[in-house]
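Residue-level listing of the chains:
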Amino acid sequence: MNPTRETDLGTPASTQHETVRIEIDGLPTTVRAGSTILRAARESGVDIPKLCATDNLKPFGSCRLCLVEIEGRKGYPASCTTPVEAGMKIRTQTDALAKLRRNVMELYISDHPLDCLTCSANGDCELQDMAGAVGLRDVRYGFDGDNHLDAGIDSSNPYFSFDPSKCIVCSRCVRACDEVQGTFALTIEGRGFASKVSASLNEQFIDSECVSCGACVQACPTATLMDKSIIDNGQPDHSVVTTCAYCGVGCSFKADMKGDQVVRMTPYKDGGANQGHSCVKGRFAWGYASHKERVLEPMIRDSVDEPWRIVGWDEAISHTAKKFKDIQKQYGRKSIGGITSSRCTNEEVYAVQKLVRAAFGNNNVDTCARVCHSPTGYGLKQTLGTSAGTQPFESVMDADVIMVIGANPTDGHPVFASQMKRRLREGAMLIVVDPRKIDLVRSPHIKAEYHLPLLPGTNVPVINALAHVAVSEGLVDEEYISERCDVDSFAAWKACVLRPENSPEAVSKISGVPAEDIRGAARLYAGADRSAIYYGLGVTEHSQGSTMVMGMANLAMATGNIGFSGTGVNPLRGQNNVQGSCDMGSFPHELPGYRPIQDDEIRGSFEKLWGVEIDAEPGFRIPNMFDAAIAGEYKGMYIQGEDIAQSDPNTQHVEAALSKMECVVVQDLFLNETSKFAHVFLPGTSFLEKNGTFINAERRINRVRPVMKPRQGKAEWLITQELAQALGYPMNYGMEAEIMDEIAILTPTFNGVSFEFLDRVGSVQWPCNDNAPMGTPIMHVDHFVRGKGLFIETDYVPTEERTNRKFPLLLTTGRTLTQYNVGAQTRRTDNVVWYKEDLLEIHPHDAETRGIRNGDRVSLSSRKGDITLEAKVTERVQPGVVYTTFHDPETGANVVTTEYSDWATSCPEYKVTAVQVAPAVHRSKWQKGFERRAKEQGKILETS
Ligand code: SF4
Ligand code: SF4
Ligand code: SF4
Ligand code: FES
């Protein structure tokens, strides 16, 4: 068996706690009641042959290979579908069983290509293993009869192939797609000998409903469904457990290796967040790490019009240090700063914020979370006391009602979406609050009870109206509130939400959501035993993002829905380490652990360990950095893994700011939009080269383990450390684990964390300290972290961004499944087959009145700028609303977004822009500029 294959116990674990005594092959053993005989035997060290069973799918009982004998019973029951009973005496190896199993295998093998030696699954094929296990030596039926050996191969999917000639019709793939992924893309078509696996309506995989999660490939016991990377490169010889570098679900993977080459990423069964499941990005889209465009040598230039000059690491670092020192000498200590990246490890992020505070001597450090989930940090801290979500993902399995607000989990957080869909199929009710008809509203075996298609910018009145109904109809949990919450703040909040302007009828006029739907949704959420809220950037990226976060926390507290499984207020984090980059002190006013920089005692503890005085004054947020740059006061910037020229709003403003700076340092894998304005390029490392930790949306600290050395020759924390040293600050870590040790000393919620601990226990959810040595899956269990839960009034203040005759539509933005943020990684993988460019979704009515047909190029203009892109006419968006993604720099979606931002955190209002759409006559001015700059960049590179 291949050494990288994980143990398969045959059927899922029993959920019962009682045990029973049984006897297997004459040996007594104690097993969990409710286990199947197959599982009980495997747990007791007895391997009964099997093919159609696997331990993440319900038993099916089709292959008849796992037959056993049970004393006192007639016949040969299938062990995978027969539960154990106290006193049962089971025999797994008898002559009769051996004969039956050999017969079964003979039938399979008589219709199977005999190319084991050259088959790409050789050494990792359960059919091959079983032929050996049952001692098959001969096939009496010959190979001449009817067979499926000529069935054609479907290679349409870029990542896996389907060779039906090797299929044994065990249905594991179909069940994986149904039970694990929840897409229901596969069926067994036909009967008996004619039965075969079919994707959707007998289509090629690429044209079917398949979303390429890989669950079927994982489940297939033969070479029928195979990773193309294995076909091309051969079987792995070892594997390293690490963490996906894409979204905030934080899936664990085994990087399956052949020498130092990754040949497959296999979702790890013991992964705390994913339990063996994956999505197309983590499972397949890792090839960008070795893409030919990766920059592997440092580069510098004096002006952005000059070619890059390749230099050694020493020169790059001393040059950068000199530039920064000169700038500070001329413009002052606060004229430089840094941005940390949520794609980097905690250790790398921590090193950068320390560089800014200890070596730059100011607090001008911010992070890309500024533009996504900063309102989460603020809103949850104010109301509950902690800047993080309240639940582990598995908590959703206990929810009776799930309310998804401003999130599209099937695209943005696919593995969690699969878990949520499982719970919905089991009977939980769903409320979707989103301007678009996202997939969850209606998908196979799932239908939202309520979809509230609110107008972008009206989250706050809608949450107030939901609260209005809960309060006015007596659905609040008075006992919970009096025991756990600040009752005065509750009284004030109650009076606020009961005001007439917060009634469903009044809010209906603002939001466009029918009043009876608001009432129905409120009754459903507030009336259930356990209701959970999951939300995304559709909540936070608004001028009232923080208000809305507090509004959700208010509603959850008022209805007693925080502090136990199945409930909570749960942010679905965008990037892999958004939670971690915030935890690590990346904000200008907070040290690691969200502790105020202005607190002398806290600051003193860092000063003591760091041996340096820390500025007590908060530094610039990202938007302030841009404004200060335009004002000529901010001249240098260290940008860790973030393409601000593409991802931040109002692109022209960002570009103007970058153009005014004297030393822009970009540390990244690829040249990007921001590097067009950079003077120093420090090549970064991919997740496959990093040693450290990421923290996912459920506060889970996962290990990231290197499978190869840094391809550009230097770990990223070491680059930061050497820059600090060149600036005169003695940062002296010997290895990444020492950085985590320092984080643990200085951050109370991380006191119990170390690499050694994580390697031992797998992963842990913070807080992890003496009070919670094994971490804290559910927050606020007995009381809120802040003491009493605080209700905060959430008056609706409409955004200043309004539609008018010139800009009558509202633009909102989001992600698509196969792409990730600005696309720097995913656009450099075969995921592009599902995504050519950003499209503008527009309702048929709005399209028709503008003379726009599906596929037309249209101009999208706002008060800030205009771009052109292709129209997709669809009823997923409501009339008056248009939608696009922001994955392609050439589209420049953020050229049109505005400078409006959340009142508390400056998180940009990406989700509401007043726009006009018209048939495009020519490329937009911005896009022509983009093409010109791209050409110049090309020329510069050629001469570099
Ligand atoms: S494709 Fe694989 S998993 Fe699916 S039925 Fe065939 S052998 Fe079984
Ligand atoms: S890859 Fe995933 S979605 Fe596609 S058929 Fe397989 S299990 Fe279903
Ligand atoms: S769900 Fe997120 S973390 Fe998991 S594999 Fe997909 S992108 Fe990676
Ligand atoms: S493994 Fe039990 S019938 Fe297939």
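Residues numbered from 1 in each chain as written. Chains lettered and ligands numbered in written order. Predicted model: local features only at pLDDT ≥ 70, side-chain atom pairs only at ≥ 80, totals over all residues. Heavy atoms only, no water.

1. Focus: the packing of aromatic side chains
Scanning the entire structure with this criterion turns up 20 aromatic pairs. Relative to Trp 610, the ring of Tyr 350 lies with its centre 6.2 Å away and its plane at 85 degrees, an arrangement referred to as edge-to-face. With Tyr 350 in helix α9 (residues 346-360) and Trp 610 in helix α21 (residues 600-610), this pair connects stretches of sequence that are 260 residues apart. On the basis of relative accessibility, which here comes to 0%, the residue Tyr 350 falls in the buried class. Their ring planes at 40 degrees and their centres at 5.9 Å tell us that Phe 490 and Trp 493 sit as a pair that is tilted. Of the two residues, Phe 490 and Trp 493 are both situated in helix α15 (residues 487-497); the distance of three residues between them amounts to about one turn of the helix. One exposure class covers both Phe 490 and Trp 493, and it is buried. For the cation-ring pair, Arg 436 lies above Tyr 883, with the distance from its terminal atom to the ring centre recorded as 3.6 Å. In this arrangement the basic side chain of Arg 828 is found over the ring face of Phe 670, its NZ or CZ atom lying 3.7 Å from the centre. (Phe/Tyr/Trp six-rings, centres within 6.5 Å; stacked < 30°, edge-to-face > 60°. Helix = DSSP H or I, 4+ residues; strand = E, 2+ residues; numbered from the N terminus. Buried < 20%, exposed > 50% of the residue type's maximum accessible area, 1.4 Å probe, protein only. Lys NZ or Arg CZ within 6 Å of the ring centre and 35° of its normal.)

2. Some details on the packing of helix α16 (residues 504-511) against helix α17 (residues 515-527)
The axes of two packed helices give the description: the angle between them and the distance between them. Their axes nearest at 8 Å, the elements α16 and α17 cross at an angle of 120 degrees. Taken together, the axes of α16 and α17 lie oblique to each other. Pair α16 / α17 crosses with right-handed handedness. Here Pro 504, Glu 505, Val 507 and Ser 508 of α16 lie close against α17, whose contacting residues are Ala 515, Ile 518 and Arg 519. (Axes fitted to C-alpha atoms, helices over the stretch in contact; angles between N-to-C directions. Parallel < 35°, antiparallel > 145°, perpendicular 65-115°, else oblique. Left-handed = near helix turned anticlockwise from the far one by under 90°. Contact = heavy atoms within 4.5 Å.)

3. Remarks on the state of the cysteines
One covalent bond between the sulfur atoms of two cysteine residues makes up a disulfide. Here the structure, examined in full by the defined rule, presents zero disulfides. Looking at Cys 663, it has no disulfide partner, and the nearest cysteine sulfur is the one in Cys 344, 18 Å off. Judged by its relative accessible area of 0%, Cys 663 is buried. (Disulfide = S-S within 2.5 Å.)

4. What about the nonpolar core?
Ranked by size, the top nonpolar core spans 67 residues in total, and within it Leu 225, Ile 402, Met 420 and Leu 430 carry the most contacts. Residue contributions to this core peak at four residues, all from helix α12 (residues 414-426). When near neighbours in sequence (up to four residues on either side) are disregarded, Leu 225 contacts Phe 160, Ser 161, Phe 162, Cys 173, Phe 205, Cys 216, Val 217 and Cys 220. Core analysis: the next-biggest nonpolar cluster, separate from the first, contains 57 residues, Cys 344, Leu 723, Met 740 and Val 764 among them. (Core = buried A, V, L, I, M, F, W, Y, C linked by side-chain atoms within 4.5 Å.)

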